[in-house]
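# Structural overview
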Amino acid sequence: MTTVTLEHVSKSFHQESSKITAIDNVSLKIPSGDVLAILGPSGCGKSTLLRLIAGIFQPETGRVLYDDHDLQEIPSMNRGIGMVFQEGALVPHWESRKTVGFFLSLRKREAEVPERLKQISKITGIGLEKLLDRFPKQLSGGEQQRIGIARALARDMRVLLFDEPFANLDAKYRMEARVELKRLMNAFPVTSVYVTHDQTEAVALSHRIAVMRDGHIEQMGTYHQLYTNPHNTFVATFIGTPIMNLFEGYVRDGHWQGENFGGFPLRRDLEEGTKVTMGIRPEHMHLVAENGTLGVVESVTPFFAEHHRLVTVHLAGEIWSLMTPLDHQVEVGSTIQCALEPEEVLFFDTKTGIRIG
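What you are looking at is a predicted structure, and each value in this text was computed from that prediction instead of being measured. (Residues numbered from 1 in each chain as written. Predicted model: local features only at pLDDT ≥ 70, side-chain atom pairs only at ≥ 80, totals over all residues. Heavy atoms only, no water.)

Counting secondary structure elements, the chain contains eight helices and 21 strands. With the principal axes as the frame, the chain shows a C-alpha extent of 75 × 50 × 40 Å. By the burial criterion, 50% of the 357 residues in the chain qualify as buried. By sequence separation, contacts in the chain at least 24 residues apart represent 64% of the contacts at least 6 residues apart. Counting 37 positive and 44 negative side-chain charges, the chain places the centres of these two groups 10 Å from one another. (Helix = DSSP H or I, 4+ residues; strand = E, 2+ residues; numbered from the N terminus. Buried < 20%, exposed > 50% of the residue type's maximum accessible area, 1.4 Å probe, protein only. Contact = heavy atoms within 4.5 Å. Lys, Arg positive; Asp, Glu negative; His and termini not counted. Charge placed at Lys NZ, Arg CZ, Asp CG, Glu CD.)

Right, here's the structure in full:
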């Protein structure tokens, strides 16, 4: 296995008369055997970053290192990269058997292909051998991705890269595919990078998550770290479903004060009147019988598997969400009282979005 290091890597593209910076001075280290998910909105640069790690793109500045060796100085055939693309990227006029065994065939090691395929099929339980005599046009989207994953695994890997491989699959197969892929990644442990926009997928398959925005890595850590200790409002609202509630406010007498909530202590070094945003997760807000903040119920969404309802409330120009038990009836248009757990409140500088300790 290989440690992958990026040192101050940047990459831009020219579009007509403008220059678009896709990756801006990114540094990170992926230890040997680690599985890193890169998560972010469309256009944030996550696929470009993956292609830099793969050596498909060359950085304009900075270096990509495999075990302290510059990737550009390693011959392509010796890089040991397995890559799975969103569309499968199978050769249309090749049978799946040839696609999967191509790497070993190039090295005159065709005899190893059947055993490798048998091992992959046994681990996933998907009957891979039934697909090997088919051409890509004879395979469903899910089957094409199975062949793409098998192709990546049927080689001598140092690094395994995934570019949203299940993005085009329906929800049922995505869930099955995650389970199959997790089994394979446990059986073939290798340094891996997984690009996705799906938080559930990132949690299921990775050890750590890097959250990207506008070519930067905003924060990296476990899902629990990102969820409970976000560094800024972008991470706070991007990680977690439903998203964190944010309330605009200001400093008054060493406490936070907003339109509908207030009185929570802040750092004493903040100047009077400083604009501060308060954040709290919906699960840390509750209905109360008295002494709460009033709100008008805007919508009620049941989540039967999670045994709760998500209640959206509005008042005085603010909207927030809270959770109630399934057996607690709440009517749209009714007025309710809300309270929050003060120990779960987070504060952010309104101007910069950065977390205030």
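For the rest of this paragraph, the subject is the sheet that holds strand β16 (residues 293–303). Strand pairing in a sheet relies on backbone hydrogen bonds, with the paired strands running either antiparallel or parallel. Spatially, the five strands line up as an open sheet ordered β15-β19-β16-β17-β18, and their pairing is antiparallel. Taken across any chain shown, the strands that pair with only one partner, and hence form the sheet edges, are β15 (285–287) and β18 (318–325). Averaged over all pairs of adjacent strands, the angle between strand axes in this sheet comes to 45 degrees, irrespective of strand direction. Of the pairings in the sheet, the one linking β16 to strand β19 (residues 335–340) comprises four bridges and is antiparallel in character. Looking at β19, one finds that Gly295 is bridged to Ile336. (Pairing = 2+ DSSP bridges. Axes fitted to C-alpha atoms, helices over the stretch in contact; angles between N-to-C directions.)

Attention shifts here to unusual backbone geometry. The amide bond that connects Thr241 to the next residue, Pro242, takes the cis arrangement and shows omega of 0 degrees. By the element assignment, Pro242 lies in the loop between α8 (233–238) and β11 (245–252). Not every positive phi belongs to a glycine, and Asp67 is a case in point at roughly 50 degrees. A positive phi is found at Asp214, a non-glycine position, where the angle reads about 50 degrees. Its place among the elements puts Asp214 in the loop between β9 (208–213) and β10 (216–221).

Bridging between strand β1 (residues 4–15) and strand β2 (residues 18–30) involves nine bridges; their strand directions are antiparallel. From the neighbouring strand, Thr5 faces β2, where its bridge partner is Lys29. In this antiparallel pair of consecutive strands, β1 and β2, the connection spans two residues, and Glu16 shows a positive phi of 55 degrees.

Relative to the helices and strands, Lys130 resides in the loop between α3 (113–124) and α4 (141–153). Placed 117 residues apart in sequence, Lys130 and Phe247 show a C-alpha to C-alpha distance of 56 Å.

A few words now on the packing of aromatic side chains. The full count for this structure, using the stated rule, is eight aromatic pairs. Pairing Phe234 with Phe238 gives two aromatic rings, centres 5.5 Å apart and planes at 15 degrees, and the pair type is stacked. A residue pair is termed a helical-turn pair when its members lie 3 or 4 positions apart in one helix, as Phe234 and Phe238 do in helix α8 at four residues. Seen from their ring centres, Phe247 and Trp320 are 5.8 Å apart, and the 55 degrees between their planes marks the pair as tilted. Here Phe247 is found in strand β11, whereas its partner Trp320 is found in strand β18, with 73 residues between them in sequence. The class of Phe247 is buried, set by a relative accessible area of 1%. Among the residues examined, Trp320 registers a relative accessible area of 0% and is labelled buried. (Phe/Tyr/Trp six-rings, centres within 6.5 Å; stacked < 30°, edge-to-face > 60°.)

Glancing now at helix α5 (residues 171–187). Across its 17 residues, α5 extends 25 Å between first and last C-alpha, which sits within 8% of the 24 Å expected from 1.5 Å per residue. Within the sequence span of α5, burial applies to Tyr173, Ala177, Arg178, Glu180, Leu181, Leu184 and Met185. (Expected span 1.5 Å × (residues − 1).)

Estimated volume of the largest pocket: approximately 450 Å³. Of all elements in the fold, only β6 (81–84), α2 (96–106) and α4 reach the threshold of two or more residues within the lining of the largest pocket. Top contributing element to the lining of the largest pocket by residue count: α2, with four residues. Tallied by class, the residues present in the lining of the largest pocket amount to 12 nonpolar, five polar and four charged. (1 Å grid on protein atoms, 1.4 Å probe; cavity = no way out; pocket = protein on both sides within 12 Å on 5 of 7 lines; lining within 4 Å. Points joined across faces, edges and corners; volume = space filled by probe spheres on them. Nonpolar A, V, L, I, M, F, W, Y, C, P; charged D, E, K, R; others polar.)

Another aspect to go through is helix α1 (residues 46–54). Most of α1 is tucked away, with eight of its nine residues classed as buried. Among the residues of α1, those classed as buried are Lys46, Thr48, Leu49, Leu50, Arg51, Leu52, Ile53 and Ala54. Just past α1, the residue Gly55 takes up positive phi, approximately 85 degrees.

So, on to the environment of Leu128. Inspection of the secondary structure puts Leu128 in the loop between α3 and α4. Leu128 sits 32 residues away from Ser96 along the chain, and the two C-alpha atoms are 9.9 Å apart. Discounting chain neighbours no more than four positions away, the residues touching Leu128 are Leu117, Ile120, Ser121, Arg146, Ile147 and Ala150.

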